[in-house]
Structures are given as C-alpha cells and as structure tokens.
Amino acid sequence: MRIAICDDLTECRLSVKCYAGEYFKLRHIECSIDEFKTGADLLKSDEIYDILFLDIELGDTNGIAVAKQIQQKHKNTVILVVTAYHQYLDDAMDIQVTRYIDKPATQSRIFSALDKAMSIINESVITLHIKDSKVARLKISDIIYAEAKLKGVSIYAKETNYNIKETMKQLRSMLTASCFAVPHNSYIVNMNYIKNFQRNEITLAQPYSDIKISVATRKQPEFKRRFLDFIGEDIDND
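Computed from a prediction, not measured in an experiment: that's the story for all the values here.

**Describing the pattern of salt bridges**
- Tallied over the entire structure, the rule returns 9 salt bridges.
- The partner of Lys 103 in a salt bridge is Asp 7, and the shortest N-O contact between them spans 2.8 Å. Of this pair, Lys 103 sits in the loop between strand 5 (99-102) and helix 5 (107-122) while Asp 7 sits in the loop between strand 1 (2-6) and helix 1 (10-26), placing them 96 residues apart in sequence.
- Under the relative-accessibility criterion, Lys 103 is labelled partly exposed at 21%.
- Taking the shortest distance from any N to any O, the salt bridge between Lys 139 and Glu 123 comes out at 3.1 Å. In this pair, Lys 139 sits in strand 7 (residues 135-139) while Glu 123 sits in the loop between helix 5 and strand 6 (125-129), placing the two residues 16 residues apart along the sequence.
- Connected via shared salt-bridge partners are Asp 7, Asp 55 and Lys 103.

What follows is the structure in structure tokens.
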C-alpha cells in the first residue's frame, strides 16, 4: 500500500503518518508512506499512490488544483482531504474526494477515513494487458489467484483466465487491496477464496479446490498473521 501525505505543516504530516502507520500495522498490511511539504513536490513524484492525504491550503498552491492534476495522472488514487479551511469545500465538489477530515486529525478520524478508502480500493477495477495484444478490465474482487510461470504470469478469475504481459512485481503493485497476500514469490492469492490453510499449504475453494499453493518457509509467519487477521481470528490464541 503506497500512501502520500501532502501538508505544509510538519506536525500535521507527522500526526497523519503516525496514525496511518498504526492503522496498517494493526491490519498486517505492508505500506510505505511518503511526505511532501508542497504540492509542487508531490506533482514531481513519479510514484503512483493508492491513498493521498491532502491539505487544501498548501501555501505554494491550492490543494484542489493539485488534486485535479493527481486525478489526471492516476484516477484510482483515493484522495482524503485533511483541512481546517471549510470555505474551500464547495470548490472541492469538482474533484472526487473520498472523505474530508477536520484538523486537528485524530486517530478515530484517520482510521474511519482509511476504512472508507480501503473499501473503495478493494472494489476497484484494474486494466491488464493480455498476451494477444488485447486489454482486459477486471474487478479485483473477482481475481482468485495469480501465478508466475516460465512463459509469464497467469490470472485466474471468476469468469475466465488470462495470460498477461505484466510481471509479478507489477501485479503486486496493482493488487494492493487488503484481501491479497503473497504466500510464495510465484503466487498472489485472494484470501476470500481460501478454503483451507495449513502452515505450508493453501487449498482454494471451488472451482479451484484441486489447486494446492505452497507457502514459502520464510513467508509462513507473516502470511499466518495476515490470514488470521483477515478472517477475524485471534492470533495470540491460535
């Protein structure tokens, strides 16, 4: 999960960073958080962010103008506005803002906003390039698992399967929803479709119940934490 925080006040950036980091740590979701003091610095970045915390009054520029440019570059970035300036809210109707967070940001406000952001990410659609030069758009919740093979990467979804041009590294950067986990470098699995889980092996639900996916030894502790947290089990008592 890639997060950006753009605010000209250091204490505000640190506060949001602290709460966001805690949110993802509690949910065992890996995340990277970048800070930007100005809108210009944010727009110079080549990184594509899943979630952006954005102040409206940035000093060097108006945050609404920055948000419009971000959406032109990557329409799937979820924008969360953190502001004390409510007079801009009418103008902000021109952009897709998922949540407005009043300053000073609190843990409950940040957590609530991230819950909403994650629900949007979990239901988003990605575009994949197919081997025969076609393009497919898939709802990520329909993806069951992906596998890297000698001839490339295959996606197994509800309706059909695809051999795609994207690499496994690229696909991992696209499938950032909380339901996806990496039990092995050759696989990405949607945990909604796991039927049985043992320490070193996953069994999928129908129609892929004959598929056994290995859990790499070094990934077993983290995968177990991710999976038990995903299904709501108490990790300490397992």
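**Overview of the nonpolar core**
- Ranked by internal contacts, the top residues of the largest apolar core, which has 41 residues, are Phe 24, Ile 51, Phe 53, Leu 80, Leu 114 and Leu 171.
- When near neighbours in sequence (up to four residues on either side) are disregarded, Leu 171 contacts Leu 128, Ala 146, Val 153, Ile 155, Ile 164 and Ile 188.
- Grouped together as the second largest cluster of nonpolar side chains are 17 residues, Ala 181, Leu 204, Val 215 and Phe 227 included.

**Quick look at the sheet that holds strand 14 (residues 201-204)**
- Taking strand neighbours across the sheet as the criterion, the 3 strands line up as 13-14-15 in an open arrangement whose pairing is antiparallel. Of all strands in the sheet, those with a lone pairing partner are strand 13 (194-198) and strand 15 (212-214), marking the two edges. With direction set aside, neighbouring strand axes in the sheet form an average angle of 20°.
- When strand 14 meets strand 15, the two strands line up antiparallel, connected through 3 bridges.

**Section: empty space enclosed by the protein**
- Following the criterion strictly, the structure yields 1 cavity of 30 Å³ or more and no others.
- Roughly 40 Å³ of internal volume is contained in the largest cavity.
- Considering the residues around the largest cavity, the lining is formed by Ile 5, Cys 6, Asp 7, Cys 12, Arg 13, Val 16, Phe 53, Leu 54, Asp 55 and Val 82.
- At the level of secondary structure, the elements contributing two or more residues to the lining of the largest cavity comprise strand 1, helix 1 and strand 3 (51-54).
- If you tally residues by element for the lining of the largest cavity, the top one is helix 1, at 3 residues.
- The residue makeup of the lining of the largest cavity, split by class, is 7 nonpolar, no polar and 3 charged.

**Section: the state of the cysteines**
- Within this structure, the stated rule accounts for 0 disulfides.
- Of all cysteine sulfurs, the one in Cys 12 lies closest to Cys 6, which takes part in no disulfide; the gap is 12 Å.
- In this structure Cys 31 is not part of a disulfide, and its nearest cysteine sulfur, from Cys 18, lies 12 Å away.
- Judged by relative accessible area, Cys 31 falls into the partly exposed class, the value being 32%.

**As for the sheet that holds strand 12 (residues 187-190)**
- Reading across the sheet, the 5 strands line up as 10-9-8-12-11 and stay open at both edges, with antiparallel pairing between neighbours. At either end of the open sheet lies a strand with only one pairing partner, and these are strand 10 (161-164) and strand 11 (180-184). Neighbouring strand axes in the sheet, compared pairwise and without regard to direction, differ in orientation by 20° on average.
- Direction of pairing for strand 11 relative to strand 12: antiparallel, over a ladder of 3 bridges.

**Considerations on the confidence of the model for the chain**
- Within the chain, residue pLDDT values average 86, and 92% of them lie at 70 or more.
- In the model of the chain, helix 4 (residues 89-92) stands out as the element of lowest mean pLDDT, 60, in contrast to strand 2 (residues 32-36), which has the highest, 95.

**Quick look at the packing of aromatic side chains**
- Under the counting rule described, the total for this entry stands at 10 aromatic pairs.
- Here Tyr 156 and Tyr 208 contribute two aromatic rings whose centre-to-centre distance is 6.0 Å and whose plane-to-plane angle is 75°, an arrangement assigned as edge-to-face. Separated by 52 residues along the polypeptide, Tyr 156 in strand 9 (residues 152-157) and Tyr 208 in the loop between strand 14 and strand 15 bring together distant segments of the chain. Judged on exposure class, the residue Tyr 156 and its partner Tyr 208 are both buried.
- An aromatic cluster of at least three residues, connected via ring pairs, comprises Tyr 145, Tyr 156, Tyr 187 and Tyr 208.
- One residue, Arg 27, lies across the ring of Tyr 23, its end atom 3.7 Å from the ring centre.
- When the ring centre of Phe 111 is taken as reference, the NZ or CZ atom of Arg 27 above it lies at 5.5 Å.

Basis of the calculations
Residues numbered from 1 in each chain as written. Predicted model: local features only at pLDDT ≥ 70, side-chain atom pairs only at ≥ 80, totals over all residues. Heavy atoms only, no water. Salt bridge = Lys/Arg side-chain N within 4 Å of Asp/Glu carboxyl O. Helix = DSSP H or I, 4+ residues; strand = E, 2+ residues; numbered from the N terminus. Buried < 20%, exposed > 50% of the residue type's maximum accessible area, 1.4 Å probe, protein only. Core = buried A, V, L, I, M, F, W, Y, C linked by side-chain atoms within 4.5 Å. Contact = heavy atoms within 4.5 Å. Pairing = 2+ DSSP bridges. Axes fitted to C-alpha atoms, helices over the stretch in contact; angles between N-to-C directions. 1 Å grid on protein atoms, 1.4 Å probe; cavity = no way out; pocket = protein on both sides within 12 Å on 5 of 7 lines; lining within 4 Å. Points joined across faces, edges and corners; volume = space filled by probe spheres on them. Nonpolar A, V, L, I, M, F, W, Y, C, P; charged D, E, K, R; others polar. Disulfide = S-S within 2.5 Å. pLDDT = per-residue confidence, 0-100. Phe/Tyr/Trp six-rings, centres within 6.5 Å; stacked < 30°, edge-to-face > 60°. Lys NZ or Arg CZ within 6 Å of the ring centre and 35° of its normal.

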